[in-house]
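What follows is each chain in one-letter form.
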Amino acid sequence: MVKINGSLTHFANPKADAALAYSDAQKDVICVAKAEEAVTDIKSWPAYRQTPLHALNALAAASSLKNIWYKDESQRFGLKSFKALGGAFAVARQLQSVLEQKLGYRPTTQQLLNGSLKDEVAELVVSCATDGNHGRSVAWGAQMFGCGCVIYIHRDVSEGRKQAMEAFGAEVIRISGNYDDSVRQADSDAKANGRIIVSDTSYEGYMEIPKDVALGYTVMLAEIVEQLDGEIPSHVFVQGGVGGLASAVAGYFWDLWGDKRPTVVIVEPEQANCLQRSAEEGKTVVVEGDLDTLMAGLACGEVSALAWEILATGGDHFLTLSEDAVPETMRLLAQGFESDPAIEAGESAVPGLAAAVIARDSEDFSAKLGLTADSQVLVIGTEGATDPELYKQLVG
Ligand SMILES: Cc1ncc(COP(=O)(O)O)c(C=O)c1O
């Protein structure tokens, strides 16, 4: 057995049921048919490349699992996280919608990319709140397509993350509150200034654009399905912030694989467990406080309403992971366990893998999650060293 130090808390969702059918309301949030458009579109962007799916055979053997597949998003579009797919895709969709109203026809992605509508696009400004990765995607998309960009960050977002967004030409505004405060500030300033909010989280009155963000993520999921070459994982362990990623994963696989879909295990920081708390209460719950965690991308206290549409019944298990497991798992991946490849993984990339290994090391958690020597576990390594200073400090 391989040992990762750290502890878990567990809640089994009583509303999850493997026999449930994927509903029309859930399909409206995410489905394979809608995802196909996003896949075709994003694959046409310059510099598109499939990211690797590593089979961590040595770690799987040492953990007494049949397989651990690690989808490695550390180099996605050079932005170093899967978020590159969502924000930038939603920016493109918004520019198309706004220009359609103005011009009377819907411009193609290629027209946005080749600059033929340069002047019209330059008049538009997109905006969002972020703890780093989503904002980087929006800023990059704005630069790629040629519109303005204003990003809001909270007090704990590092200078390195701020500068990464400024490097794509975005104006970055830091507020004194937490992530959820930055969402509200971005929203009210956008209304006052005529900016288009491209948020990765949904809330009352703002439901459509986050669907496009989630559709962007499905490119990664379509790649995984291709790379699995007919195999279906028994479990997927996925990190939760506002739940956008986890709901895309749960929904896409549910629509694609029906009752053969994997058991979905959502992993959150102890101090920012809004998804676990919501599952416990049977409705969305806000976690207050400063949401202090090393896992910066997961420091969210409010669940995305759209995400909950899927996760309320599609999230099977909700775990929290203690902070101490994070640097250890990052180092394990950086070194490459025995014959496994060395992988660059940031703080928010590793909770899924860490939780799977820690759970398998315990008879109790293995039984609760249904993990056995035949289990085939998929984890999503959602980011690389998106904060290089911190990465250096933690990994050495
Ligand atoms: C690296 C990384 N992983 C996972 C997540 C969680 O995604 P979501 O907030 O959609 O749940 C985020 C969110 O920013 C992230 O940056």
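All of these numbers come straight from a predicted model, not from anything done at the bench.

1. Quick notes on the nonpolar core
Part 1 of the argument: Trp45, Phe77, Val126, Ile151 and Leu221 are the most contacted members of the largest nonpolar core, which totals 99 residues.
Part 2 of the argument: No other element matches the eleven residues that helix 10 (residues 209–228) contributes to this core.
Part 3 of the argument: Built from parts of two domains, this core gets at least three residues from each of domain 1 (8–81 + 210–395) and domain 2 (83–209).
Part 4 of the argument: Judged by nonpolar contacts, the second largest core, of 45 residues, contains Leu8, Leu298, Met330 and Val377.

2. Quick word on the domain arrangement of the protein
Accessible area lost upon the coming together of the parts is a frequently used measure of interface size.
Part 1 of the argument: Domain boundaries assigned for the protein yield domain 1 (8–81 + 210–395) and domain 2 (83–209).
Part 2 of the argument: In this structure, domain 1 and domain 2 have C-alpha centres spaced 24 Å apart.
Part 3 of the argument: Facing the 39 residues of domain 1 at the interface are 37 residues of domain 2.
Part 4 of the argument: Three residues stand out in domain 1 for area buried against domain 2, namely Trp45, Leu79 and Pro210, and they jointly supply 21% of the buried area on that side.
Part 5 of the argument: Viewed at the interface, domain 2 and domain 1 are joined by six salt bridges.
Part 6 of the argument: Note that Asp387 is salt-bridged to Arg161, the shortest N-O span being 4.0 Å.
Part 7 of the argument: Taken together, the links from domain 1 to domain 2 amount to 22 residue pairs in polar contact (both at pLDDT 80 or more).
Part 8 of the argument: Secondary structure elements with two or more residues in the side of domain 1 that touches domain 2: helix 2 (32–43), helix 10 and helix 13 (305–314).
Part 9 of the argument: With nine residues, helix 10 is the single largest residue contributor to the side of domain 1 that touches domain 2.
Part 10 of the argument: Residues that form the side of domain 1 that touches domain 2 fall into these classes: 20 nonpolar, eight polar and eleven charged.

3. With respect to the packing of aromatic side chains
Part 1 of the argument: Evaluated as defined, the whole model comprises eleven aromatic pairs.
Part 2 of the argument: Ring centres of Trp45 and Phe145 lie 6.0 Å apart, and the angle between their planes is 75°; this geometry places the pair in the edge-to-face category. Pair noted here: Trp45 is in the loop between helix 2 and strand 2 (53–55) and Phe145 is in helix 7 (residues 133–145), with a separation of 100 residues, a long-range link. With respect to burial, Trp45 and Phe145 carry one shared label: buried.
Part 3 of the argument: Grouped by ring-pair contacts, the aromatic residues Trp45, Tyr48, Phe77, Trp140 and Phe145 constitute a single cluster.
Part 4 of the argument: Lying across the ring of Phe365, Lys368 places its NZ or CZ 5.1 Å from the centre.

4. Quick word on the site of the ligand
Part 1 of the argument: Taken together, 15 residues surround the ligand, and among them Asn133, Gly241, Gly243, Leu245 and Thr382 come closest.
Part 2 of the argument: Within the backbone of Leu245, one N or O atom sits 2.9 Å away from an oxygen atom of the ligand.
Part 3 of the argument: Expressed as a share of its isolated accessible area of 390 Å², the protein-covered part of the ligand is 98%.
Part 4 of the argument: The class makeup of the residues in the shell around the ligand is four nonpolar, eight polar and three charged.

5. Thoughts on the pattern of salt bridges
Part 1 of the argument: Summed over the entire model, instances satisfying the criterion amount to 24 salt bridges.
Part 2 of the argument: Between Arg76 and Glu223 there is a salt bridge whose closest N-O contact spans 2.8 Å. Pair noted here: Arg76 is in the loop between strand 3 (67–72) and helix 4 (83–103) and Glu223 is in helix 10, with a separation of 147 residues, a long-range link. Just as Arg76 is buried, Glu223 falls in that class too.
Part 3 of the argument: Asp187 is the partner of Lys191 in a salt bridge, and the nearest nitrogen-oxygen pair spans 2.6 Å. In this pair, Lys191 and Asp187 are both assigned in helix 9 (residues 179–193), four residues apart and thus about one turn of the helix distant.
Part 4 of the argument: The class for Asp187 is buried, based on a relative accessible area of 14%.
Part 5 of the argument: Salt bridges sharing partners connect three or more residues here, namely Lys71, Glu73, Arg76 and Glu223.

6. Concerning unusual backbone geometry
Outside of glycine, negative phi angles account for most residues, and trans bonds account for most peptide bonds.
Part 1 of the argument: Positioned with a positive phi, Ala47 is a non-glycine residue whose angle comes to about 70°.
Part 2 of the argument: Within the secondary structure, Ala47 is located in the loop between helix 2 and strand 2.
Part 3 of the argument: Overall, the relative accessible area of 65% leaves Ala47 in the exposed class.
Part 4 of the argument: For Phe77, which is not a glycine, the phi torsion comes out positive at approximately 50°.
Part 5 of the argument: Within the secondary structure, Phe77 is located in the loop between strand 3 and helix 4.

7. Focus on the sheet that holds strand 10 (residues 317–321)
Part 1 of the argument: Spatially, 1-10-9-8-11-3-2 is the arrangement adopted by the seven strands of the open sheet, whose pairing is mixed. On the outer flanks of this sheet lie strand 1 (8–12) and strand 2, each paired with one strand and no other. Averaged over all pairs of adjacent strands, the angle between strand axes in this sheet comes to 20°, irrespective of strand direction.
Part 2 of the argument: Summarising the sheet, strand 2 and strand 3 pair through three bridges and their orientation is antiparallel. Looking at strand 3, one finds that Leu53 is bridged to Lys71.
Part 3 of the argument: Each of strand 2, strand 3 and strand 11 (376–381) is contacted by helix 10, which is oriented at about 140° to strand 3, the strand it contacts most.

8. Describing the sheet that holds strand 6 (residues 171–174)
Part 1 of the argument: An order of 6-5-4-7 is seen for the four strands of this open sheet, with the pairing classed as parallel. A strand with exactly one partner marks an edge of an open sheet, and here the two such strands are strand 6 and strand 7 (196–197).
Part 2 of the argument: Contacting strand 4 (125–130), strand 5 (148–153) and strand 6, helix 8 (residues 159–166) crosses the sheet at an angle of about 150° to strand 6.

The rules behind the values
- Residues numbered from 1 in each chain as written.
- Predicted model: local features only at pLDDT ≥ 70, side-chain atom pairs only at ≥ 80, totals over all residues.
- Heavy atoms only, no water.
- Core = buried A, V, L, I, M, F, W, Y, C linked by side-chain atoms within 4.5 Å.
- Buried < 20%, exposed > 50% of the residue type's maximum accessible area, 1.4 Å probe, protein only.
- Helix = DSSP H or I, 4+ residues; strand = E, 2+ residues; numbered from the N terminus.
- Domains from an automatic or database assignment.
- Contact = heavy atoms within 4.5 Å.
- Buried area = accessible area lost by both parts, 1.4 Å probe.
- Salt bridge = Lys/Arg side-chain N within 4 Å of Asp/Glu carboxyl O.
- Polar contact = N/O pair within 3.5 Å; in protein donor to acceptor, adjacent residues only side chain to side chain.
- Nonpolar A, V, L, I, M, F, W, Y, C, P; charged D, E, K, R; others polar.
- Phe/Tyr/Trp six-rings, centres within 6.5 Å; stacked < 30°, edge-to-face > 60°.
- Lys NZ or Arg CZ within 6 Å of the ring centre and 35° of its normal.
- Near = heavy atom within 4 Å.
- Areas by Shrake-Rupley, 256 points an atom, 1.4 Å probe, with all protein chains shown as cover.
- Pairing = 2+ DSSP bridges.
- Axes fitted to C-alpha atoms, helices over the stretch in contact; angles between N-to-C directions.

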